[in-house]
Structures are given as C-alpha cells and as structure tokens.
Amino acid sequence: MLWPHTPVMAQQAMICGQRDQIIAQLQARFGEERRSMGLAGRNRIIELYVSDNTGSWTITITGVDGITCLIASGQHFESFAPTPRGQNL
C-alpha cells in the first residue's frame, strides 16, 4: 500500500485499510509512532502519530470494524507543555 504523505482533503477519497497495515506503513515509511489517542463519537478512536526525526505527523480514525482511515497529515510537528490555568496561550 502506497500513498503520498500530504494532507487528506475532504473532497478527496479517504485512504483506509486494516489498522495493523496502516500503522505498519506509518512506522516503516515515515518513522511515525503513536503519540496520543482519544475516543470519538460512535466508539471510534482518534490517534496522532509523529516522527521526532522528521517532524511528520498523521491523524487516524479507527472504527469498531478495525478499519483505520487517514484524516490528516503534515510536517513540522511541535509539542508544547500544558499552559497553566489562567494564563494566555
């Protein structure tokens, strides 16, 4: 499975596949590892994959059927420490 590492736009067909295959491609092709995850509506899981070496990132969504789709991807990922309550961003 091959795909360009560019943002997935709403008007384009979404790239989806079996979760283990999609995650293996993110790791093998881009060196991305899971950085965070959360539960979305309809019991779907949202995950963020990031490469510390290249700064590339990908957001995926996985349904209860085990199918994972790429939602968005890009470059120049940065992580920030949480902002204390009451302070401006």
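(A) Local environment of the sheet that holds strand β5 (residues 67–74). Taking strand neighbours across the sheet as the criterion, the 5 strands line up as β1-β5-β4-β3-β2 in an open arrangement whose pairing is antiparallel. Strand pairing shows two members of the sheet lacking a second neighbour, β1 (16–18) and β2 (33–40), which therefore form its edges. For this sheet the average axis-to-axis angle between neighbouring strands, irrespective of direction, equals 30°. Where strand β4 (residues 57–62) meets β5, 6 bridges bridge the pair, whose relative direction is antiparallel. Each residue of the ladder has a partner; that of Ile61, found in β5, is Cys69.

(B) Fine view of the pattern of salt bridges. Under the definition given, this model contains 3 salt bridges. Notably, a salt bridge pairs Glu47 with Arg34, separated by 2.9 Å at the nearest N-O pair. Of the two residues, Glu47 sits in strand β3 (residues 44–50) while Arg34 sits in strand β2, which places them 13 residues apart along the sequence. We classify Glu47 as buried; its relative accessible area is 2%. Because the salt bridges share partners, they merge into one network encompassing Arg19, Arg34 and Glu47.

(C) Fine view of the confidence of the model for the protein chain. Considering every residue of the protein chain, the mean pLDDT works out to 88; 85% of them sit at 70 or more. Below a pLDDT of 50 lies the segment residues 1–10, which in the model reaches 27 contacts outside its immediate sequence neighbourhood of four places, other chains included.

(D) Quick look at the pairing of β4. Examined bridge by bridge, β3 and β4 share 6 bridges and lie antiparallel to one another. By the bridge assignment, Glu47 is partnered in β4 with Thr60. Counted between consecutive antiparallel strands, the loop separating β3 from β4 contains 6 residues, among which Gly55 sits at a positive phi close to 80°. Linking β4 to β5, which pair antiparallel, is a turn of 4 residues; within it Gly66 sits at a positive phi near 85°.

(E) Structural context of the environment of Glu32. By the secondary structure assignment, Glu32 is in the loop between α1 (19–30) and β2. Taking the C-alpha atoms as reference, Glu32 lies 7.3 Å from Ser56; in sequence the two are 24 residues apart. Separated by 2.7 Å, the side chains of Glu32 and Ser56 make a polar contact.

(F) Representation of the state of the cysteines within the structure. Applying the stated criterion to the full structure yields 1 disulfide. Between the sulfur of Cys16 and that of Cys69 lies a disulfide, 1.9 Å long from S to S. When the S-S torsion is 105°, as for the bridge of Cys16 with Cys69, the disulfide is right-handed. Residue Cys16 is found in strand β1, and its partner Cys69 is found in strand β5; the two are separated by 53 residues along the sequence.

Rules used in this analysis
- Residues numbered from 1 in each chain as written.
- Predicted model: local features only at pLDDT ≥ 70, side-chain atom pairs only at ≥ 80, totals over all residues.
- Heavy atoms only, no water.
- Pairing = 2+ DSSP bridges.
- Helix = DSSP H or I, 4+ residues; strand = E, 2+ residues; numbered from the N terminus.
- Axes fitted to C-alpha atoms, helices over the stretch in contact; angles between N-to-C directions.
- Salt bridge = Lys/Arg side-chain N within 4 Å of Asp/Glu carboxyl O.
- Buried < 20%, exposed > 50% of the residue type's maximum accessible area, 1.4 Å probe, protein only.
- pLDDT = per-residue confidence, 0-100.
- Contact = heavy atoms within 4.5 Å.
- Polar contact = N/O pair within 3.5 Å; in protein donor to acceptor, adjacent residues only side chain to side chain.
- Disulfide = S-S within 2.5 Å.

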